[in-house]
Amino acid sequence: MSDKKIIIAIDGYSSSGKSTMARRLAAEIGYRYIDSGAMYRAVTLYALENGIIASDGSINRPALQKALPKLHIDFMPMTDGSQHTMLNGRDVETEIRQLRVSDNVSPVAAIKEVRTALTDLQRRLGRDKGIVMDGRDIGTTVFPDAELKVFVNASAEMRARRRFLEMNDKGDDVNYEEVLANVVRRDHIDETREESPLRRAADAVDLDNSSMSIDEQNRWLEDQFHKALTRAK
Ligand code: DC
């Protein structure tokens, strides 16, 4: 077996199941998994906690810009194989998944300075290859030369249902309509922002997983990985 390592970029809409498949593939093939959305969420949490986002949702851009160099975002491996997002040394994995962060993250992710800082960090994490990174602009902006790019899609209703069940399981008090509205709103902001909008890379392989089981998705992705590795040799 060759020790050649590649970069795998998995982009797509929110709650399309891309994190689950990216995480599993990474565990399967011994690569590092990076959830780039978690980084945008961590910046948003910081902004919420430090009065940079007002209660009406408006963002104090100069204050956020000034805070960016002070933010240290990292991932801590857990004994169960998962990893938790760390913000300045604090485990924020639970907080960044809550609706108040989901509701405010897209406008934060549309800010140029935030994207520049996080793109730099993501590129540093991918310097030695051997990573699976998921997000919105990984195949287009962060790693335009990634050896494998996947673009994942599923209907908004299906994605909202998945997110709703996930949040319900965790005991969050949410209703389906609220989650669907959040999904639709985020799709719109992510697709229409000026800086690195959610876009399919021209050389990405498409996956619509609306009617696929998680096992089917994983098999499909592993197959794509082996093909990409063979091409890269
Ligand atoms: O994948 P997610 O739902 O955790 O992403 C959270 C937000 O961050 C979402 O609104 C889009 C944004 N994001 C982005 O703009 N670029 C990325 N590479 C990853 C996420």
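What you are looking at is a predicted structure, and each value in this text was computed from that prediction instead of being measured. (Residues numbered from 1 in each chain as written. Predicted model: local features only at pLDDT ≥ 70, side-chain atom pairs only at ≥ 80, totals over all residues. Heavy atoms only, no water.)

**A few points about the packing of aromatic side chains**
Scanning the model with the defined rule gives three aromatic pairs in all. Ring geometry for Tyr13 against Phe151: centres 6.1 Å apart, planes inclined by 75 degrees, an arrangement best described as edge-to-face. Of this pair, Tyr13 sits in the loop between strand 1 (7-12) and helix 1 (18-29) while Phe151 sits in strand 7 (residues 148-153), and the two are 138 residues apart along the sequence. The exposure class assigned to Phe151 is buried, which follows from its relative accessible area of 8%. Seen from the ring of Tyr176, Arg161 lies directly overhead, with NZ or CZ sitting 4.9 Å from the centre. (Phe/Tyr/Trp six-rings, centres within 6.5 Å; stacked < 30°, edge-to-face > 60°. Helix = DSSP H or I, 4+ residues; strand = E, 2+ residues; numbered from the N terminus. Buried < 20%, exposed > 50% of the residue type's maximum accessible area, 1.4 Å probe, protein only. Lys NZ or Arg CZ within 6 Å of the ring centre and 35° of its normal.)

**Focus: the environment of Ala228**
Take Ala228: it is sitting in helix 9 (residues 214-232). Considered as a pair, Ala228 and Val183 are 45 residues apart in the sequence and their alpha carbons are 31 Å apart. Aside from chain neighbours lying at most four places away, what touches Ala228 is Ile6, Glu147 and Leu148. (Contact = heavy atoms within 4.5 Å.)

**What about the side chain of Ser15?**
The topology assignment puts Ser15 in the loop between strand 1 and helix 1. Among all residues touching Ser15, those that are not within four sequence positions of it are Arg159, Arg162, Arg163 and Val183.

**Focus: the packing of helix 2 (residues 36-49) against helix 4 (residues 99-109)**
As a packed pair, helix 2 and helix 4 sit with axes 8 Å apart at the nearest point and diverge in direction by 105 degrees. Viewed along their axes, helix 2 and helix 4 adopt a mutual orientation that is roughly perpendicular. Of helix 4, the residues touching helix 2 (which contributes Tyr40, Arg41, Val43, Thr44, Leu45, Leu48 and Glu49) are Arg100, Val101, Ser102, Asn104, Val105, Val108 and Ala109. Residues of the contact of helix 2 with helix 4, tallied by class, amount to eight nonpolar, three polar and three charged. (Axes fitted to C-alpha atoms, helices over the stretch in contact; angles between N-to-C directions. Parallel < 35°, antiparallel > 145°, perpendicular 65-115°, else oblique. Nonpolar A, V, L, I, M, F, W, Y, C, P; charged D, E, K, R; others polar.)

**A closer look at the side chain of Asn209**
For Asn209, the location among the structural elements is in the loop between strand 8 (205-208) and helix 9. On the basis of relative accessibility, which here comes to 0%, the residue Asn209 falls in the buried class. Asn209 has contacts with Ser16, Val152, Asn153, Ala154, Arg162 and Gln217, leaving out every residue within four places of it along the chain.

**Some words on the sheet that holds strand 7**
Sheet architecture is open: five strands sit in the order 2-6-1-7-8, paired in parallel fashion. Edge positions in the sheet fall to strand 2 (32-35) and strand 8, since each has one partner strand and no second. Neighbour-to-neighbour, the strand axes of the sheet open up by a mean angle of 20 degrees, direction not taken into account. Sheet topology places strand 1 next to strand 6 (residues 131-135); five bridges connect them, and they run parallel. Residue Ile10 lies in a different strand from strand 6, and its bridge partner there is Asp134. On top of the sheet, helix 2 reaches strand 2 and strand 6; it is set at about 40 degrees to strand 2, its chief contact. Sheet strands touched by helix 9: strand 1, strand 7 and strand 8. Its angle to strand 7, the strand with the most contacts, is close to 155 degrees. (Pairing = 2+ DSSP bridges.)

**A word on the pattern of salt bridges**
Scanning the model with the defined rule gives 13 salt bridges in all. For Arg193, the salt bridge identified is with Asp190, shortest N-O distance 3.7 Å. On the basis of relative accessible area, Asp190 is assigned to the buried category, the value being 4%. Residue Asp206 is joined to Arg200 by a salt bridge in which the shortest nitrogen-to-oxygen separation is 2.9 Å. A relative accessible area of 45% means that Asp206 is categorised as partly exposed. Each member of the salt-bridge network shares a partner with another, and the members are Asp35, Glu93 and Arg97. (Salt bridge = Lys/Arg side-chain N within 4 Å of Asp/Glu carboxyl O.)

**Notes on the nonpolar core**
Considering soluble globular proteins, one finds that nonpolar side chains tend to be buried as a cluster. Counting residues in each nonpolar core, the largest one holds 37 residues, and the members touching the most others are Met39, Val43, Leu64, Ile73, Val114, Leu118 and Phe143. Elements represented by at least two residues in this core include exactly strand 1, helix 2, helix 3 (61-67), strand 3 (73-77), helix 4, helix 5 (112-125), strand 6 and helix 6 (138-142). Once residues within four sequence positions are removed from consideration, Phe143 is found in contact with Ile7, Gln122, Arg123, Gly126, Ile131, Met133, Ile138 and Lys149. Ile6, Ile10, Leu148 and Leu229 belong to the second-largest nonpolar core, a separate cluster that totals 19 residues. (Core = buried A, V, L, I, M, F, W, Y, C linked by side-chain atoms within 4.5 Å.)

**Section: the site of the ligand**
Around the ligand sit 16 residues, and of these Arg41, Ser106, Arg115, Arg186 and Arg193 come closest. One of the side-chain N or O atoms of Asp137 is found 2.9 Å from a nitrogen atom in the ligand. For the ligand, whose free accessible area comes to 450 Å², the fraction covered by protein is 97%. Of all the secondary-structure elements, those providing two or more residues to the shell around the ligand are helix 2, helix 4 and helix 8 (176-192). Looking at the shell around the ligand, the element that brings in the most residues is helix 2, giving four residues. Across the shell around the ligand, the residue classes break down as four nonpolar, four polar and eight charged. (Near = heavy atom within 4 Å. Polar contact = N/O pair within 3.5 Å; in protein donor to acceptor, adjacent residues only side chain to side chain. Areas by Shrake-Rupley, 256 points an atom, 1.4 Å probe, with all protein chains shown as cover.)

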